[in-house]
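Read off the chains here:
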Amino acid sequence: MVKEAYLSGKEILTVVGTESALCDLSTELCLDLSEICGDVIAVTESVFKYISDSVTPQGIMAVLKIEKSIAKPHQISVLLDGISDPGNMGTIIRTMAAADVKNLYLVNCCDPYSPKAVRASMSGIYFVDISEIAAEDVSEIFKGTPIIVADMGGESVYGFTPPENYCLVIGGEANGVSADLKSKAEKVIAIPMSEHSESLNAGVSLSVILYELRYGK
């Protein structure tokens, strides 16, 4: 992910790693790491394990500059309402990057830049523009953009033809999409499931629905 951060043009402030990991990265990139940033810190393996929150760290990490802004939605976008699990957050970001959907909006969600969320995104976070917004700002930001809510009570996603531009709303793991956001929906859609299944993981739901809307027609 440090390599991908550099290749995707992100501003790297600091690189920290073991001697061997730093050497490997330098070899892979075919350049001196001082060309990536002016702050390259070599540490022992024991020190690296101490500062890393990963059970099996790979020996290298970096600090990147985060550009926070609230962008207007461009074509297809996603809004997450109350996603609390960083693993789900990272999976959703990874899926969006793969589906070439760039605008992600968060209302009352976990930190998308937490270590677990970033790792779960598998570098997808470098290619998605993330805006953290308040619920009361939704109407203004998405003025003129159809809102499509994913909810168990909606019509099947497989019989629905989406508009050219829209915002797909996925709710949190415990409570789903809030009543306020549902009231703003132009359409409510669902994934058909057997009677033995109550729901799907938020990351899985987003993946199934987004790919069907994006490429299924």
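These lines cover the structure that appears in this document, whether it is placed above or below. (Residues numbered from 1 in each chain as written. Predicted model: local features only at pLDDT ≥ 70, side-chain atom pairs only at ≥ 80, totals over all residues. Heavy atoms only, no water.)

Each helix and strand counted, the protein chain has eight helices and nine strands in total. With respect to the three principal axes, the spread of C-alpha positions in the protein chain is 55 × 40 × 30 Å. Going through the 217 residues of the protein chain one by one, you find that 41% of them count as buried. In the protein chain, which carries 16 positive and 29 negative side-chain charges, the distance between the mean positions of the two groups comes to 4 Å. (Helix = DSSP H or I, 4+ residues; strand = E, 2+ residues; numbered from the N terminus. Buried < 20%, exposed > 50% of the residue type's maximum accessible area, 1.4 Å probe, protein only. Lys, Arg positive; Asp, Glu negative; His and termini not counted. Charge placed at Lys NZ, Arg CZ, Asp CG, Glu CD.)

Turning next to helix 8 (residues 202–215). Between its terminal C-alpha atoms helix 8 stretches 20 Å, which fits the 20 Å expected from 14 residues at 1.5 Å a residue. All buried positions along helix 8 are accounted for by Ala-202, Gly-203, Ser-205, Leu-206, Ser-207, Ile-209, Leu-210, Glu-212 and Leu-213. Elements that come into contact with the buried residues of helix 8 comprise strand 4 (76–81), helix 4 (86–98), strand 7 (147–156), strand 8 (166–171) and strand 9 (187–190). At the N-terminal boundary of helix 8, the capping side chain belongs to Asn-201, with an oxygen 2.7 Å from the backbone nitrogen of Gly-203. (Expected span 1.5 Å × (residues − 1). Contact = heavy atoms within 4.5 Å. Polar contact = N/O pair within 3.5 Å; in protein donor to acceptor, adjacent residues only side chain to side chain.)

A few words now on the packing of aromatic side chains. Two aromatic rings, taken as a pair, are described by how far apart their centres are and by the angle between their planes. Tallied over the full model, the rule gives three aromatic pairs. Between Tyr-105 and Phe-142 the ring centres are 4.9 Å apart and the planes differ by 75 degrees, which places this aromatic pair in the edge-to-face class. Here the residue Tyr-105 occupies a position in strand 5 (residues 103–107), and Phe-142 occupies one in the loop between helix 6 (138–141) and strand 7, the gap between them amounting to 37 residues. A residue is classified by how much of its surface remains accessible, and Tyr-105, at 1% relative accessible area, is buried. The buried category is assigned to Phe-142, whose relative accessible area is 4%. Ring centres of Tyr-126 and Phe-127 lie 6.5 Å apart, and the angle between their planes is 70 degrees; this geometry places the pair in the edge-to-face category. (Phe/Tyr/Trp six-rings, centres within 6.5 Å; stacked < 30°, edge-to-face > 60°.)

Bringing the environment of Ser-114 into the picture now. Along the chain, Ser-114 turns up in the loop between strand 5 and helix 5 (115–121). A relative accessible area of 17% means that Ser-114 is categorised as buried. In this structure the C-alpha to C-alpha distance between Ser-114 and Tyr-215, which are 101 residues apart in sequence, comes to 30 Å.

Our next topic: the sheet that holds strand 3 (residues 60–64). Two orientations exist for strands paired in a sheet by backbone hydrogen bonds: parallel and antiparallel. What the three strands build is an open sheet, ordered 2-1-3; its pairing is mixed. A single partner strand is all that each edge strand has here, and the edge strands are strand 2 (40–42) and strand 3. Direction aside, neighbouring strands of the sheet carry axes that sit 15 degrees apart on average. Examined bridge by bridge, strand 1 (residues 12–17) and strand 2 share three bridges and lie parallel to one another. When the sheet's bridge partners are listed, Val-16 is paired in strand 2 with Ile-41. (Pairing = 2+ DSSP bridges. Axes fitted to C-alpha atoms, helices over the stretch in contact; angles between N-to-C directions.)

This part is about the packing of helix 4 against helix 8. The geometry of helix 4 relative to helix 8 is characterised by a closest axis approach of 8 Å and an angle of 15 degrees between their N-to-C directions. For the element pair helix 4 / helix 8, the angle class is roughly parallel. The two elements helix 4 and helix 8 meet at a crossing, and its hand is right-handed. Residue-level contacts link Asn-88, Thr-91, Ile-92, Thr-95, Met-96 and Ala-98 of helix 4 to Ala-202, Gly-203, Leu-206, Ser-207, Leu-210 and Tyr-211 of helix 8. The residue inventory of the contact of helix 4 with helix 8, partitioned by class, reads seven nonpolar, five polar and no charged. (Parallel < 35°, antiparallel > 145°, perpendicular 65-115°, else oblique. Left-handed = near helix turned anticlockwise from the far one by under 90°. Nonpolar A, V, L, I, M, F, W, Y, C, P; charged D, E, K, R; others polar.)

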